[in-house]
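# Survey of secondary and tertiary structure
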Amino acid sequence: MEGSGGLRFWSGGPAPGELYTLPRKEGSCGPLTRTLNPMVTGTSVLGVKFDGGVIIAADMLGSYGSLARFRNISRVMKVNDTTILGASGDYADYLYLKQVPEQIGRA
């Protein structure tokens, strides 16, 4: 594992104690960006049917990428006496769907 600069972890890699710089695409400049469209997401919505009706539950955590950023967001909404809306995924999509029944006066 000898390279031109001494002992290396792999061919073209750093020597012990050195930092490794990830290769960049040719012609790219500026800082690395992971996403240009960040979004808040949530994951868990559960509905259970039983003899007396239905129960629906959702977590209240909103993740911003890998960061647990928002800890108290609602993902369940009563639309009317027979309909409940629960959504996971992009929180903006849930907010849009939540506005539809409110705009037509059903919530």
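As the structure is a prediction and not an experimental result, all values here were calculated from the model. (Residues numbered from 1 in each chain as written. Predicted model: local features only at pLDDT ≥ 70, side-chain atom pairs only at ≥ 80, totals over all residues. Heavy atoms only, no water.)

## Overview of the overall build of the protein chain
Looking only at helices and strands, the protein chain features one helix and 10 strands. Counting from the amino terminus, helix and strand elements in the protein chain follow one another as β-β-β-β-β-β-β-β-β-β-α. Scored against the burial criterion, the 107 residues of the protein chain give a buried share of 15%. In the protein chain, of all internal contacts separated by at least 6 residues, the share reaching a separation of at least 24 is 27%. Of the roughly 8700 Å² that the protein chain leaves accessible, carbon and sulfur atoms contribute 56%. (Helix = DSSP H or I, 4+ residues; strand = E, 2+ residues; numbered from the N terminus. Buried < 20%, exposed > 50% of the residue type's maximum accessible area, 1.4 Å probe, protein only. Contact = heavy atoms within 4.5 Å. Areas by Shrake-Rupley, 256 points an atom, 1.4 Å probe, with all protein chains shown as cover.)

## Details of the sheet that holds strand β6 (residues 62-64)
In a beta sheet, neighbouring strands are held together by backbone hydrogen bonds and run either parallel or antiparallel to one another. Spatially, four strands are ordered β7-β6-β3-β10 in an open sheet, and the strand pairing comes out antiparallel. The sheet terminates laterally at β7 (67-70) and β10 (89-90), the two strands that pair on one side only. In terms of strand pairing, β6 meets β7 through three bridges, oriented antiparallel. Bridge assignment links Y64 to a residue of β7, and that residue is L67. (Pairing = 2+ DSSP bridges.)

## Examining the confidence of the model for the protein chain
Summary statistics for the protein chain give a mean pLDDT of 80 and a share of 81% for residues scoring 70 or more. When mean pLDDT is taken per element in the protein chain, strand β4 (residues 45-50) scores highest with 93 and strand β1 (residues 2-3) scores lowest with 44. (pLDDT = per-residue confidence, 0-100.)

## Comments concerning the pattern of salt bridges
Scanning all chains against the criterion turns up one salt bridge. For K78, the salt bridge identified is with D81, shortest N-O distance 3.3 Å. We classify K78 as exposed; its relative accessible area is 55%. (Salt bridge = Lys/Arg side-chain N within 4 Å of Asp/Glu carboxyl O.)

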